[in-house]
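Here is what each chain is made of, one letter per residue.
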Amino acid sequence: MPHSIKKAVIPVAGWGTRGLPFTKEVPKEMIPILDIPAIHFVVEEAIHSGIEQIIFVTARGKSALEDYFDDSPYLIEILRKKGKHEQADFLQKIGKMCEIISVRQKEPKGLGHAILAAKNVVGNEPFGVCLADEIFPSWDPRNKSLPPLKQLTEISKSTGLSSIGVMEIDPKDSSSYGMIRMETPKFRGIYEKVLGTVEKPTPEKSPSNYAVVGRYVFQPEIMAALSEVKPGFGGEIQLTDAMDSLCSNKGLLAVDLKNERYDVGNLFQFLKAQIDFALKKPELSDKLKSYLSDRK
Ligand code: UTP
């Protein structure tokens, strides 16, 4: 009987060089979309996917992420005294969102290396991985649109295999992504078997139009595969190398995620997220529209 998936690893130990100078002192995963940090959306998605324990793979200078999910009794008391109960309730909810465990990656030697740092806490069970600089805000259980991680946990539970989220991209952007190779150019159903991955290929060399995005569910054997991986591009332990080894062993499935996605480590997508979120807020939407039309 396949295990249910209760743990998710969120690696947050990278340098975040694309976000400099902001990321010099503030973790890039704390970057706010309006007034909510990116990590909040990611943890919320994990909880709605059935995750009970979040494992942050963290590093020096990243404590703001752990602090964010801590209780804040003094601040809550001050807010209550001022009658700001809505804000106080929200902060109270954040402090109780889920159990957070932190492990250290002492040197940022790549995404694969970061996941391997969580090996002892994960133990011998399947687990999710979420990259916290990618947010998928549009899922809504009320209209049966499932969070991306939940789509993966369901496929992995029913098949007993590892699964990764992919999305169809504009072919000219392939050199920014890990691209997958499949038996067919298009998905025939919700998932397809992955035959291999190619890291950042030119459009001519890309094996498909499907890019790996930051949501994964791995069976425990990924840890053994990761410990075999030799440093690759940039001297880093690449997760994609371990995924390729799953493809040639038990198998790896790609799930075609249809959700809206923002890579908030990319300046333009970060800006798009701000605008899209503001347009959905009644108190900001009209003001923003009229401001933008006046600017033309
Ligand atoms: P990225 O490659 O986007 O993160 O990894 P980065 O290295 O911080 O970013 P840039 O390219 O320099 O701007 C995706 C996630 O994996 C984590 C990062 O913190 C990020 O959330 N990561 C990456 C680690 O935890 N450890 C690493 O060694 C590398």
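Residues numbered from 1 in each chain as written. Predicted model: local features only at pLDDT ≥ 70, side-chain atom pairs only at ≥ 80, totals over all residues. Heavy atoms only, no water.

(A) The arrangement of the overall build of the protein chain in detail. Each helix and strand counted, the protein chain has 11 helices and 13 strands in total. In terms of C-alpha radius of gyration, the protein chain reaches 20 Å, essentially the compact-globule figure of 19 Å for 296 residues. Once the C-alpha set of the protein chain is aligned to its principal axes, its extents read approximately 60 × 50 × 40 Å. Buried residues in the protein chain amount to 49% of all 296 residues. For the protein chain, restricting intrachain contacts to residue pairs at least 6 apart in sequence, the fraction spanning at least 24 positions comes to 75%. Accessible surface, the protein chain as shown: approximately 15700 Å² in total, 54% of it carbon and sulfur. (Helix = DSSP H or I, 4+ residues; strand = E, 2+ residues; numbered from the N terminus. Rg over C-alpha atoms; globule rule 2.2 N^0.38 Å. Buried < 20%, exposed > 50% of the residue type's maximum accessible area, 1.4 Å probe, protein only. Contact = heavy atoms within 4.5 Å. Areas by Shrake-Rupley, 256 points an atom, 1.4 Å probe, with all protein chains shown as cover.)

(B) Local environment of the site of the ligand. With respect to spatial proximity, 17 residues lie near the ligand, and among them Ala-13, Gly-16, Thr-17, Arg-18 and Gln-105 are the closest. Interatomic distance of 2.7 Å between a backbone N/O atom of Ala-13 and an oxygen atom of the ligand. Between the ligand and the protein, one listed contact pairs an oxygen atom with a backbone N or O atom of Arg-18 at 2.7 Å. Isolated, the ligand exposes 560 Å² of accessible area, and the fraction of that covered by the protein chains is 84%. In this structure, the ligand is accommodated by the largest pocket. Each residue belonging to the shell around the ligand can be placed in one class, and the counts come to 7 nonpolar, 5 polar and 5 charged. (Near = heavy atom within 4 Å. Polar contact = N/O pair within 3.5 Å; in protein donor to acceptor, adjacent residues only side chain to side chain. 1 Å grid on protein atoms, 1.4 Å probe; cavity = no way out; pocket = protein on both sides within 12 Å on 5 of 7 lines; lining within 4 Å. Sits in = over half its atoms within 2 Å of the grid points. Nonpolar A, V, L, I, M, F, W, Y, C, P; charged D, E, K, R; others polar.)

(C) Representation of helix 10 (residues 267–279) within the structure. Spanning 13 residues, helix 10 covers 18 Å between terminal C-alpha atoms, matching the ideal 18 Å at 1.5 Å per step. Among all positions of helix 10, only Gln-269, Phe-270, Ala-273, Gln-274, Phe-277 and Ala-278 are buried. Turning to helix 10, the residues buried within the fold contact strand 2 (32–33), helix 1 (38–47), strand 7 (134–135), strand 13 (262–263) and helix 11 (282–295). (Expected span 1.5 Å × (residues − 1).)

(D) Summary view of the pattern of salt bridges. On inspection of all chains with the given rule, the structure shows 22 salt bridges. In this structure, Arg-18 and Asp-263 form a salt bridge, with 3.5 Å as the shortest nitrogen-oxygen distance. Here Arg-18, found in the loop between strand 1 (7–11) and strand 2, pairs with Asp-263, found in strand 13; they are 245 residues apart in sequence, far enough to count as distant. Residue class for Arg-18 comes out exposed when judged on its relative accessible area of 52%. The exposure class assigned to Asp-263 is buried, which follows from its relative accessible area of 12%. (Salt bridge = Lys/Arg side-chain N within 4 Å of Asp/Glu carboxyl O.)

(E) Representation of the layout of surface pockets within the structure. If you add up the space inside the largest pocket, you get close to 1600 Å³. The wall of the largest pocket is formed by 50 residues, among which Arg-18, Leu-111, Leu-131, Asp-133 and Lys-200 lie closest to the centre. Among the elements that make up the lining of the largest pocket, the one with the highest residue count is helix 9 (residues 239–247) (5 residues). Taken together, the residues that form the lining of the largest pocket break down as 19 nonpolar, 14 polar and 17 charged. Put simply, the second largest pocket is a space of about 830 Å³. Around the second largest pocket, the lining comprises 33 residues; the ones closest to its centre are Ile-36, His-40, Phe-41, Glu-44 and Phe-90. Of all the secondary structure elements, the ones that give two or more residues to the lining of the second largest pocket are strand 3 (36–37), helix 1, helix 3 (73–81), helix 4 (85–95) and strand 7. The residue inventory of the lining of the second largest pocket, partitioned by class, reads 18 nonpolar, 4 polar and 11 charged. (Points joined across faces, edges and corners; volume = space filled by probe spheres on them.)

(F) Looking closely at the packing of helix 10 against helix 11. Between helix 10 and helix 11, whose axes approach to 7 Å, the crossing angle comes to 120°. Looking at the two axes, helix 10 sits oblique to helix 11. Seen from helix 10, the contacting residues are Ile-275, Ala-278 and Leu-279; seen from helix 11, they are Leu-284, Ser-285, Leu-288 and Lys-289. Looking at the contact of helix 10 with helix 11 residue by residue, the class counts come to 5 nonpolar, 1 polar and 1 charged. (Axes fitted to C-alpha atoms, helices over the stretch in contact; angles between N-to-C directions. Parallel < 35°, antiparallel > 145°, perpendicular 65-115°, else oblique.)

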